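Spelled out from the first residue to the last, the chains are:
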Amino acid sequence: MDFLELSDRIIDSAGSHKQISAAATNRRQAPTDFSIIYSKDLLPASGGEKVTKEFLHELLNILLGYICKSSRRSGKVLDFHHPHQLKEGLEGFSLQLTDKPETLEQILVDCRDTLKYGVNTGHPRFFNQLSSGLDLIGLAGEWLTSTANSNMFTYEVSPVFILMEEVLLKKMQGIVGWSDDEGDGIFCPGGTISNLYSILVARYYFYPEVKTRGMRALPQLAIFTSEHSHYSVKKSAAVLGMGSENVLMVKCDESGKMIPVELESSIVAAEERGLVPFYVNATAGTTVYGAFDPFNDIADICHGHNLWMHVDAAWGGGLLMSDRHRMKLQGIERAWSVTWNPHKMMGVPLQCSVILIKKRGLLQDCNELGAEYLFQRDKPYDVSYDTGDKSIQCGRHVDVFKFWLMWKAKVFWYQSSRGNFTCGELVVMFASPLPQPEHSNVCFWYIPPTMRGLPPGPDRDTRLHQVAPRIKHRMMEQGSVLIGYQPLGDKVNFFRCVFSNPATQQEDVDFLLDEITRLGNDL
């Protein structure tokens, strides 16, 4: 049954229309031939309403079919093809761009095939990334956002979305633990950009002249972050002209937490080398282990040295919504800035990331240039709601509405996080994790039967290093499940299983472990 038939049946069953409309009957009897229709025939073309509706109905059928199949365990996580196969074209699907417009029939085929050959990140057996799942309320918000096609730089073009952003930012600042009279922020394209904002604003706070005079106004600055932190800290230092070599990596313990005494000694050593420390990044939920740094200890050190403290809670920030797990972020309220990605543990559709700044007005002072064609001061409303000058962008996508809508529908996310932690605990029961997980990341090796009698050493490590990539290769070709792997420090390749999809159940965990065993048993 397609969307039109479903709509007609709903109307009929409701009793408001006892007979299916003649128009609907005609649509089914004489379906539109999209092989002779082009985009020029759609709205705003004169008389294009009918064909536009029918085209969008066909598109909606494709989307609804995909959504309904996305959580079926019998379906594949991916239908894998190598790059050369996709580039050469498959069954009417071609990536090449023609010199003439394609028909709407081909456009619909392309939409269907793009979903077919992509990765189903909403599948309950997709464990590959920190963001997964398909939230239907969030999806509805994304559809509305794209339909509105607005921009977040001024109140005059996005009045409702601007106010929604203010409401959500205040809510998140309160959950972090900041008072009502402090806190600012903005929605960003992702956690990497949010972390970049934190360094940009911290540098401006200590050296405001850098905004006009540039790098010549600065001493050689030093940034401190843990050896398990996200690579975006180094990338931000490179982008901002401070140099990745001036990001000093602080040692972690076996669980992946920054060691406070190592941070203290690193700061002192940097000062002795003539560097000027100004910023410390702490992590709430490291990318691989899911570890949480000791924020209160780090805050004490930052206070003693007058350093900016940032918490990268891109992955772990969602635990602030959980009464059971928020204690892992004790001390985050002492940070001067926080990155938080609702598109990870909270399941908001990509992209949705926030940078929160404790000192109000600093974000605006750091970035504003007051372009007169956009940020006029004599508008007929409160121009403080023209938030675009807080941003390093000009145009800014509306990432707020889907999050606002999900918040209204869910209120709290503790139930979904509870399920993700339960799934993680199931893996721990059957595998020896490295280390014992704090978050819903579980890292482990699979040891094939042929290697279980080998003594620890270089030969065993060399062979074990090849196991995860070979299993992953087979896994991708079969498409039944997807999980990531990587080395870390002196540890050879191991699996990293991430739980962030509320659709994942115990049977999916059992399937994952059975599939790894089946695919790696002969290695």
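In the annotation of an unreviewed UniProt entry, the protein chain is listed under the name Glutamate decarboxylase 1a and assigned to Anabas testudineus.

(A) Expanded view of the pairing of strand 6 (residues 308-313). Most of strand 6 sits out of view: six of its six residues are buried. The side-chain alternation of strand 6 yields two buried faces, one formed by Trp 308, His 310 and Asp 312 and the other by Met 309, Val 311 and Ala 313. In this fold, strand 5 (residues 276-283) hands off to helix 12 (residues 295-305), which returns the chain to strand 6; that crossover is right-handed. With four bridges joining them, strand 6 and strand 7 (residues 337-340) adopt parallel strand pairing. When the bridges of strand 7 are listed, Ala 313 appears paired with Trp 340.

(B) Structural context of the pattern of salt bridges. A complete count under the given rule lists 17 salt bridges for this structure. Between Asp 41 and Lys 40 there is a salt bridge, and its shortest N-O distance comes to 3.3 Å. When its relative accessible area of 61% is taken as the criterion, Lys 40 is described as exposed. Residue Lys 491 is joined to Glu 254 by a salt bridge in which the shortest nitrogen-to-oxygen separation is 3.7 Å. Of this pair, Lys 491 sits in strand 11 (residues 491-498) while Glu 254 sits in the loop between strand 4 (247-250) and helix 11 (260-272), placing them 237 residues apart in sequence. For Glu 254, a relative accessible area of 63% translates into the label exposed.

(C) Quick peek at the packing of helix 11 against helix 12. Orientation of helix 11 relative to helix 12, taken along the N-to-C sense of each, is 25°, at an axis distance of 9 Å. By the angle between their axes, helix 11 is roughly parallel relative to helix 12. Read as a crossing pair, helix 11 and helix 12 show a hand that is right-handed. In this structure, helix 11 uses Pro 260, Leu 263, Glu 264, Ile 267 and Glu 271 to contact helix 12, whose residues at the interface are Asp 297, Ile 298, Ile 301 and His 305.

(D) Examining the packing of helix 3 (residues 49-70) against helix 5 (residues 104-117) more closely. Between helix 3 and helix 5, the least distance of the axes is 10 Å, while the angle of their chain directions is 15°. By the criterion of interaxial angle, the relationship of helix 3 to helix 5 is roughly parallel. Of the two elements, helix 3 crosses helix 5, and the hand of that crossing is right-handed. Between helix 3 and helix 5, the contacting residues are Phe 55, Glu 58, Leu 59, Ile 62, Leu 63 and Tyr 66 on the first element and Leu 104, Ile 107, Leu 108, Cys 111, Arg 112 and Leu 115 on the second. Along the lines of polarity and charge, the residues of the contact of helix 3 with helix 5 split into ten nonpolar, no polar and two charged.

(E) How the structure looks around the nonpolar core. With 52 residues, the main nonpolar core has Phe 224, Leu 263, Val 311, Val 338, Trp 340, Leu 356 and Phe 403 as its most contacted residues. Considering each element in turn, this core owes the most residues, eight residues, to helix 7 (residues 159-176). Every residue in contact with Phe 224, bar those within four places of it in the chain, is listed here: Leu 248, Val 250, Leu 263, Ser 266, Ile 267, Ala 270, Pro 277, Tyr 279, Val 280 and Asn 281. Membership of the second largest hydrophobic core comes to 27 residues, among which are Ile 199, Leu 200, Leu 221 and Ile 223.

(F) Representation of helix 3. The first and last C-alpha atoms of helix 3 sit 31 Å apart over 22 residues, in line with the 32 Å expected at 1.5 Å per residue. Turning to helix 3, its buried residues number three or more, namely Val 51, Thr 52, Glu 54, Phe 55, His 57, Leu 60, Ile 62, Ile 67 and Ser 70.

(G) Fine view of unusual backbone geometry. A cis amide bond links Leu 43 with the next residue in sequence, Pro 44, at an omega value of 15°. Relative to the assigned elements, Pro 44 resides in the loop between helix 2 (22-29) and helix 3. In this structure, Gln 351 follows Leu 350 across a cis peptide bond, with omega equal to -5°. Note that Gln 351 resides in the loop between strand 7 and strand 8 (353-357). Not every positive phi belongs to a glycine, and Asn 149 is a case in point at roughly 50°. Tracing the sequence through the fold places Asn 149 in the loop between helix 6 (136-148) and helix 7. Take Asn 149: its relative accessible area is 67%, and that puts it in the exposed class.

(H) Summary view of the sheet that holds strand 1 (residues 126-127). Spatial strand order, 1-10-11-9: four strands in an open sheet with mixed pairing. If you trace the sheet from one side to the other, it starts and ends with strand 1 and strand 9 (441-444), each paired once. Where strand 10 (residues 482-488) lies against strand 11, four bridges are found, and the strand directions are antiparallel. Bridge pairing in strand 11 places Leu 488 opposite Lys 491. Across the sheet, helix 17 (residues 467-478) touches strand 10 and strand 11, and the angle it forms with strand 10 is around 160°.

(I) Expanded view of the UniProt feature "modified residue: N6-(pyridoxal phosphate)lysine" (unreviewed entry) in the protein chain. UniProt tags Lys 344 as "modified residue: N6-(pyridoxal phosphate)lysine" (unreviewed entry). Tracing the sequence through the fold places Lys 344 in the loop between strand 7 and strand 8. With residues up to four places along the chain from it excluded, the contact list for Lys 344 reads Leu 130, Ser 131, Ala 314, Trp 315 and Ser 500.

(J) Main features of the side chain of His 123. Inspection of the secondary structure puts His 123 in the loop between helix 5 and strand 1. Engagement of the side chain of His 123 in a polar contact is seen with the backbone oxygen of Gly 75, the distance being 2.9 Å. Residues in contact with His 123, not counting those within four places in the same chain, are Ser 70, Arg 72, Arg 73, Gly 75, Lys 76, Val 77 and Asn 501.

(K) Geometry of the sheet that holds strand 6. Pairing is mixed across the open sheet formed by seven strands, whose spatial order is 2-8-7-6-5-3-4. Lying at the two open borders of the sheet, with one neighbouring strand each, are strand 2 (184-188) and strand 4. Each adjacent strand pair in this sheet contributes to an overall mean axis angle of 20°, direction not counted. As judged from the four bridges shared by strand 7 and strand 8, these two strands associate in the antiparallel manner. Each residue of the ladder has a partner; that of Ser 337, found in strand 8, is Ile 357. Relative to the sheet, helix 7 contacts strand 2, strand 7 and strand 8, its axis offset from that of strand 2 by approximately 115°. Running at roughly 155° to strand 6, helix 12 makes contact with strand 5 and strand 6 of the sheet.

Definitions and cut-offs
Residues numbered from 1 in each chain as written. Predicted model: local features only at pLDDT ≥ 70, side-chain atom pairs only at ≥ 80, totals over all residues. Heavy atoms only, no water. Buried < 20%, exposed > 50% of the residue type's maximum accessible area, 1.4 Å probe, protein only. Helix = DSSP H or I, 4+ residues; strand = E, 2+ residues; numbered from the N terminus. Right-handed = clockwise from strand over helix to strand, strands pointing away. Pairing = 2+ DSSP bridges. Salt bridge = Lys/Arg side-chain N within 4 Å of Asp/Glu carboxyl O. Axes fitted to C-alpha atoms, helices over the stretch in contact; angles between N-to-C directions. Parallel < 35°, antiparallel > 145°, perpendicular 65-115°, else oblique. Left-handed = near helix turned anticlockwise from the far one by under 90°. Contact = heavy atoms within 4.5 Å. Nonpolar A, V, L, I, M, F, W, Y, C, P; charged D, E, K, R; others polar. Core = buried A, V, L, I, M, F, W, Y, C linked by side-chain atoms within 4.5 Å. Expected span 1.5 Å × (residues − 1). UniProt positions renumbered as here; feature names shortened; annotations may be inferred. Polar contact = N/O pair within 3.5 Å; in protein donor to acceptor, adjacent residues only side chain to side chain.

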